[in-house]
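Fold and geometry: a report
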Amino acid sequence: MTDPMLVIIGAGPAGMAAAIEAVRAGVRVTVLDENLRPGGQIYRQLDPSFTVTAPGALGRDFQRGQALVAEYASLASRMEHLGDSLVWGLFPEREVAFLRGGESQVIRYDQLIIALGAYDRPIPFPGWTLPGVLTAGGAQRLVKTQRVLPGERILLVGTGPLQLALANQIIHAGGKVVGIVEAAGVLGNWFQLACGAVGQWTLVSDALHYAWGITKARVPLLRSHVIVEARGNSKVEEAVIARVDEEWRVVPGTARTIAVDALCVGYGFVPSVELTRLAGCEHQYRSELGGWIPVRDEHMGTTVSGVYAAGDCAGVAGSQVALEEGRIAGIAAACALGRLSGEEAARRAAPSHHRLRSLARLRRVLDAISVPRRGLYELATDDTVVCRCEEITLGEIRAAIAGGANDLNAIKRMTRSGMGTCQGRYCGPALQEIVARERNALPQEVVPLNPRPPIRPVSIAALAGQGELE
Amino acid sequence: MADRRISNGVARGTAFEILVDGRSIPAHEGETIGAALIAAGIHGLRHTAKRHEPRGMFCGIGLCYECAMVINGVPNIRACQTLATPGCTVETQKGLGRLGGAE
């Protein structure tokens with residue numbers, strides 16, 4: 001008989017921290033991660049053919065990540081890390097199906113920690129499909145780990161601290177940021193922010209560092225403004241921005257045009273819940289945490305026994321929260337597998353619980369400032385493509401709603417919206433809000449898209465060659 | 001030609017060329033095809049099937065599939081996730097893509 005197995009999906013801060021704690025407690029661990037190297041999005045490692053000559057130039061997160069990745073790597077001989085492993089389904093009998101090296105494989109678990117992370121919140125607006133318009137997260141990866149600038153005149157639009165971090169990285173790299181367009185009217189919230197941040201010196205120091213970098217480079221920061229349209233023939237050439245009110249609705253007569261060749265859009269993140277939903281976990285809608293998130297207990301356990309969720313996939317809160325949640329989940333799984341007594345598990349998890357309580361104060365303030373307001377979902381016109389994969393416009397979606405489609409699955413059947421290669425990731429979150437508005441309902445009252453395996457495109461050839469691990 | 005590579009912070013691997021719609025552009029070991037194209041100022045990577053609109057890299061992390069191109073003759077390959085290799089051929093994808101051809 002083999003030892004019971006903990007499977008962790010995702011090797012970002014939450015997944016790595018969970019693995020570190022579980023391996024320390026003597027648990028047999030396998031980590032499945034889509035990327036070639038551990039780190040996730042925030043701590044993504046550069047390809048080994050790049051030589052880092054000045055770590056400072058790669059940003060503060062990169063340096064913080066190095067320590068965690070090194071600790072994780074030091075456990076390599078005591079666990080199994082499977083990179084380039086794309087999980088595409090969860091099945092009864094505690095099976096995880098994943099794609100690796102062009103072949104589909106299955107692994108069985110006794111305990112499962114899902115740490116999938118989050119992705120940039122999609123906000124449809126006229127012209128958002130033009131080449132040169134990319135997500136802030138995608139732009140950050142390009143700048144940080146490929147060391148390429150997305151353009152020569154870069155405009156950042158959206159909300160929240162990532163915009164400031166990205167602007168700094170571009171400036172340090174010698175790039176030209178023509179402006180930062182921030183939807184929130186942040187100015188009045190600085191006092192509130194300072195109160196919430198007491199005891200969180202790392203985050204406060206990051207914010208001050210970023211603000212100073214932007215001031216020094218004389219980059220205009222426009223508060224209470226949003227992008228309303230991207231224009232261009234074969235790629236983005238102009239950005240139209242306008243002032244907004246408190247609900248982020250455009251104030252008529254305030255539009256102006258800026259010449260750009262790259263537009264980075266960052267309206268926060270959406271938790272990746274496709275695996276917790278496939279696992280049958282109960283979910284709740286919390287707009288301040290990014291939308292649908294799994295319901296959890298204090299040990300990060302979901303409503304399905306033996307299945308935990310840690311980090312941004314269970315509510316967007318950033319890498320520091322993800323790290324502590326990962327530790328707690330790893331310790332809880334070790335306890336469930338009998339490797340730690342309840343008392344010892346509580347002792348090991350206590351510092352993380354303490355850190356989470358302290359981080360939660362700052363989080364509440366940041367959430368209150370940056371949670372997307374309704375006006376954002378009013379930017380798309382009837383001709384705007386909402387489902388990028390199947391090219392379904394807002395007009396077609398409204399026609400389907402008028403024809404009786406009252407949830408995302410009905411809209412999918414009638415229009416194909418959400419049926420394409422991204423599997424609804426880039427239309428679902430906006431549709432949740434748009435359908436609610438059209439039906440005069442709350443977003444949480446609209447039934448979301450049901451994820452179905454394969455949750456990522458898998459070739460028939462890969463499925464045909466299906467093998468089993470061990 | 002534009003070169004949007006950032007020179008500070010890192011030293012790159014071996015330089016080579018890749019063939020994009022019949023034209024040579026520079027790339028380095030460890031670079032994705034998507035990054036090499038953006039470095040050369042090329043943003044349009046495919047044309048959609050229905051509206052025949054240009055699309056480029058959007059999510060940049062492998063989830064949205066907007067950067068699907070025909071790479072070494074195989075369609076629907078994500079440029080943002082695929083490493084450039086010496087002499088690889090990259091074609092703008094038109095529509096849904098077909099095995100064994102650019103169309």
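Further up the page is the structure itself.
Keep in mind it's a predicted model, so treat the numbers as computed, not measured. (Residues numbered from 1 in each chain as written. Chains lettered and ligands numbered in written order. Predicted model: local features only at pLDDT ≥ 70, side-chain atom pairs only at ≥ 80, totals over all residues. Heavy atoms only, no water.)

1. Details of the overall build of chain B
Put simply, the rule is: Secondary structure elements follow DSSP: runs of H or I of four or more residues count as helices, runs of E of two or more count as strands, with numbering from the N terminus. We compute the radius of gyration from the C-alpha atoms alone; for a globule the expected value is 2.2 Å times N to the 0.38, where N is the number of residues. Buried residues are those whose accessible area, probed at 1.4 Å on protein chains only, stays under 20% of the maximum for their type, while exposed residues exceed 50% and partly exposed ones sit between those limits.
The secondary structure content of chain B amounts to 1 helix and 9 strands. Seen in sequence order, chain B has helices and strands lined up from the N terminus as β-β-β-α-β-β-β-β-β-β. In terms of C-alpha radius of gyration, chain B reaches 13 Å, essentially the compact-globule figure of 13 Å for 103 residues. Taken along the three principal axes of its C-alpha coordinates, chain B extends 40 × 25 × 25 Å. Here chain B holds 103 residues, and 55% of them are scored as buried.

2. Thoughts on empty space enclosed by the protein
Residue and element names in this part refer to chain A. Threshold: Note on definitions: the grid is 1 Å and covers protein atoms alone; a cavity is a set of points where a 1.4 Å probe fits but cannot get out; a pocket is an open set with protein on both sides within 12 Å along at least five of seven lines; lining residues have an atom within 4 Å of a point. Grid points are joined across faces, edges and corners, and a volume is the space filled by probe spheres set on the points. Any residue that is not Ala, Val, Leu, Ile, Met, Phe, Trp, Tyr, Cys, Pro, Asp, Glu, Lys or Arg is counted as polar, Gly included; the first ten are nonpolar and the last four charged. For the domain bounds, the source is a domain assignment made automatically or taken from a database.
Enumeration according to the criterion identifies 5 cavities of 30 Å³ or more in this entry. Of the pockets and cavities examined, the largest cavity occupies roughly 450 Å³. Those elements that place two or more of their residues in the lining of the largest cavity are β18 (269-271), α7 (274-278), β20 (291-294), α11 (408-415) and α12 (428-439). Among the residues forming the lining of the largest cavity, the class breakdown is 12 nonpolar, 9 polar and 6 charged. Structurally, the lining of the largest cavity is a two-domain feature, drawing no fewer than three residues from each of domain 1 (6-119 + 270-367) and domain 3 (381-445).

3. Focus: the interface of chain A and chain B
Keep this limit in mind: The contact criterion used throughout is that any non-hydrogen atoms of two residues lie within 4.5 Å. As used here, buried area is the combined drop in accessible area, with a 1.4 Å probe, of two parts when they are placed together. When a carboxyl oxygen of Asp or Glu lies within 4 Å of a side-chain nitrogen of Lys or Arg, that pair is called a salt bridge. For this analysis, a polar contact is any N or O atom pair within 3.5 Å, provided that within protein one partner can donate a hydrogen and the other can accept it, and provided that sequence-adjacent residues contribute only side-chain to side-chain pairs. Strand pairing requires that DSSP identify at least two bridges connecting the strands.
Across the boundary between the two partners, chain A contributes 54 residues, which contact 42 residues of chain B. Summed over both partners, the interface of chain A with chain B buries about 4000 Å², with 54% contributed by carbon and sulfur atoms. Across the contact surface, chain A and chain B share 4 salt bridges. As a salt-bridge pair, Glu66 of chain B and Arg388 of chain A come within 2.6 Å of each other at their nearest N and O atoms. Viewed at the interface, chain B and chain A are joined by 32 residue pairs in polar contact (both at pLDDT 80 or more). Looking at the side of chain A that touches chain B, the elements that each hand over two or more residues are β3 (51-52), β10 (133-135), α3 (136-145) and β23 (392-393) of chain A. Among the elements that make up the side of chain A that touches chain B, the one with the highest residue count is α3 of chain A (5 residues). Broken down by class, the residue content of the side of chain A that touches chain B amounts to 23 nonpolar, 17 polar and 14 charged. As paired strands, β3 of chain A and strand β1 (residues 10-11) of chain B are joined by 2 bridges and run antiparallel to one another. Each residue of the ladder has a partner; that of Thr51 of chain A, found in β1 of chain B, is Ala11 of chain B.

4. A short note on helix α9 (residues 342-370) of chain A
The line we're drawing: Axes are fitted to the seven residues ending at a residue and to the seven starting at it; the angle between these axes is taken as the bend at that residue.
If you look at α9 of chain A, its biggest bend is around 40°, right at Ala349 of chain A, and the proline Pro351 of chain A turns up within four residues after that. For α9 of chain A, the full list of buried residues reads Ala345, Ala349, Ser352, Leu356, Ser358, Leu359, Leu362, Val365, Asp367, Ile369 and Ser370 of chain A.

5. Considerations on the environment of Ala368 of chain A
Mapping Ala368 of chain A onto the fold places it in helix α9. In this structure Ala368 of chain A comes out as partly exposed when scored by relative accessible area, which is 41%.

6. Thoughts on the side chain of Glu182 of chain A
Residue and element names in this part refer to chain A. To keep things clear, this is the line we draw: Residues scored as positive are Lys and Arg, those scored as negative are Asp and Glu, and His as well as the terminal groups of each chain are ignored.
Here Glu182 is to be found in strand β12 (residues 177-182). Nearest to the buried, unbridged Glu182 among oppositely charged side chains is Arg223, at 7.5 Å. One polar contact links the side chain of Glu182 to the main-chain amide nitrogen of Gly160, over a distance of 3.0 Å. Within the local environment of Glu182, its side chain forms a polar contact with the backbone nitrogen of Ala184, the two atoms lying 2.9 Å apart.

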